[in-house]
Amino acid sequence: MTLGLLGFQTTIATPVTLSGIGVHSGSPVSITFQPAEAGTGVVFSRQFADGSTAEYRAVSSNVGNTDLCTVLGASLTRAVATIEHVMAALYALGLDNVVVEVDGAEMPIMDGSSFPFIEAIEQAGIVNLGEKRRYIRVLKPVRIDSGASWSEFRPYDGTRFEVEIDFDSPLIGRQSWQGDLTAQVFRDQLSRARTFGFMRDVERLWAAGFALGSSLENSVVISDDDTVVNVEGLRYADEFVRHKTLDAVGDLALAGAQFIGCYRSYRGGHKMNANALKALLSDRSAYEVVEAPMRSQRVRAREFVAVSAAEFAPWAG
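Residues numbered from 1 in each chain as written. Predicted model: local features only at pLDDT ≥ 70, side-chain atom pairs only at ≥ 80, totals over all residues. Heavy atoms only, no water.

A. Structural detail: the packing of aromatic side chains. This model, assessed by the stated rule, comprises 10 aromatic pairs. For the pair F196 and F240, a centre-to-centre distance of 5.0 Å together with 85° between the ring planes defines the contact as edge-to-face. Here F240 lies in helix α5 (residues 239-252) and F196 lies in strand β14 (residues 196-198), a separation of 44 residues in the sequence. For the pair formed by F196 and F240, the shared burial category is buried. Members of the aromatic cluster, each reached through a chain of ring pairs, are Y91, F153, F161, F259 and Y263. The positively charged end of R192 is found above the aromatic ring belonging to F115, 6.0 Å away from the centroid. The ring of F198 is capped by R200, whose NZ or CZ atom sits 4.1 Å from the centre of that ring. (Phe/Tyr/Trp six-rings, centres within 6.5 Å; stacked < 30°, edge-to-face > 60°. Helix = DSSP H or I, 4+ residues; strand = E, 2+ residues; numbered from the N terminus. Buried < 20%, exposed > 50% of the residue type's maximum accessible area, 1.4 Å probe, protein only. Lys NZ or Arg CZ within 6 Å of the ring centre and 35° of its normal.)

B. A look at unusual backbone geometry. Of note in the backbone geometry, T82 takes a positive phi value of approximately 55° without being a glycine. Inspection of the secondary structure assignment puts T82 in the loop between β6 (53-57) and α1 (84-92). Since its relative accessible area comes to 6%, T82 is described here as buried. Of note, the phi angle at D226 is positive, near 60°, even though the residue is not glycine.

C. Just the packing of α1 against α5, in detail. With their axes 7 Å apart at the nearest point, α1 and α5 run at an angle of 75° to one another. When the axes of α1 and α5 are compared, the pair comes out roughly perpendicular. Residue-level inspection shows E84, H85, M87, A88 and Y91 of α1 in contact with α5, the latter providing H243, L246, D247, V249, G250 and D251. Residue classes in the contact of α1 with α5 are distributed as 5 nonpolar, 3 polar and 3 charged. (Axes fitted to C-alpha atoms, helices over the stretch in contact; angles between N-to-C directions. Parallel < 35°, antiparallel > 145°, perpendicular 65-115°, else oblique. Contact = heavy atoms within 4.5 Å. Nonpolar A, V, L, I, M, F, W, Y, C, P; charged D, E, K, R; others polar.)

D. Structural detail: the pattern of salt bridges. Applying the stated rule across the entire model yields 21 salt bridges. Salt-bridge contacts for R133 lead to D96; the nearest nitrogen and oxygen are separated by 2.9 Å. A residue pair is termed long-range when its members are at least 10 positions apart, and R133 in the loop between β8 (126-132) and β9 (134-138) and D96 in the loop between α1 and β7 (98-102) qualify at 37 residues. For R133, a relative accessible area of 4% gives the class buried. In this structure D96 comes out as buried when scored by relative accessible area, which is 16%. Across the salt bridge formed by R264 and E162, the nearest N and O atoms sit 3.0 Å from each other. Taken together, the residues span a long stretch of sequence, with R264 in strand β16 (residues 259-266) and E162 in strand β12 (residues 159-166) at a distance of 102 residues. Put simply, R143, D145, E152, R154, R160, E162, D180 and R264 are held in one network by salt bridges that share partners. (Salt bridge = Lys/Arg side-chain N within 4 Å of Asp/Glu carboxyl O.)

E. Here's a closer look at the side chain of D247. By secondary structure assignment, the location of D247 is in helix α5. Despite being buried, D247 has no salt bridge partner; K244 is the closest side chain of opposite charge, sitting 5.2 Å away. Among the polar contacts made by the side chain of D247, one reaches the side chain of H85 at a distance of 3.4 Å. Non-local contacts of D247, meaning those with residues more than four positions away in its chain, are made with E84, H85, H270 and N273. (Lys, Arg positive; Asp, Glu negative; His and termini not counted. Polar contact = N/O pair within 3.5 Å; in protein donor to acceptor, adjacent residues only side chain to side chain.)

F. Representation of the pairing of strand β4 (residues 28-35) within the structure. Inspection of the sheet shows strand β3 (residues 16-21) paired to β4 by 6 bridges, in the antiparallel sense. Within the sheet, the bridge partner assigned to S19 lies in β4 and is S30. Pairing analysis gives 5 bridges linking β4 to β7, with the strands arranged antiparallel. Note on β7: the bridge partner recorded for Q34 is V99. (Pairing = 2+ DSSP bridges.)

If you want it as structure tokens, here you go:
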């Protein structure tokens, strides 16, 4: 692995706002990315009509429900949902510190991918804060199993994802995506992959109060005869596994720090991603906290050195 990892913390250069609808609520929602100081991390701030707010650091310990999306907060009335596409964009672009202000219960779904968030952040710009960034480096394999599904972290000299899915649908079947994650790789190969669903599940989800904002404008819809309903078709031949990889990037960003290692999964999802991350972080012998040995902009993964950082546990909330 020769690609350098960023040695310094960053934030967004100027505030930027996006508006859309929530994929589950169907309600209008706006978010604003606000710059933040070094050490802040990613914080979601939900703004209510009465002027009150609910704030959640985007860390593993604050994750609530993971059934259909990733949710921060345990309270149904004050939680912030569907954060994974935003988190994937922030992680891939190396944004460490940002406050995400939101005036609704979930992130806007936009076109069902991370690309609108990537575009907005790149237009606003990213600034170097001059403070060293710390990484979580995987030291030994950590694996969880759930029926036929499994997920694991393995040591690796860089940041890598290997994701495989297997659907009982001839349109999808068994697909895999593997690659070292960089901002350019994410932008070109993953960011435009959209969320997807089956027509046969729609009525059940609507009855349960989910997917009320889902449409052909923000989801790939698969018909009962296993064809794509969307007129434009797929953006990638294997868009389904690419979106699952995008989700994994966003879910693992809830470590609260970038990681050095390889994440592998088979038939995974939000719950598996969250549980694998918790398994890694609960085993102190499975990882170490590292930082650049010098004040360098880019450092090779193998050159990062362990630091005495008992206090550095952003995943603890």
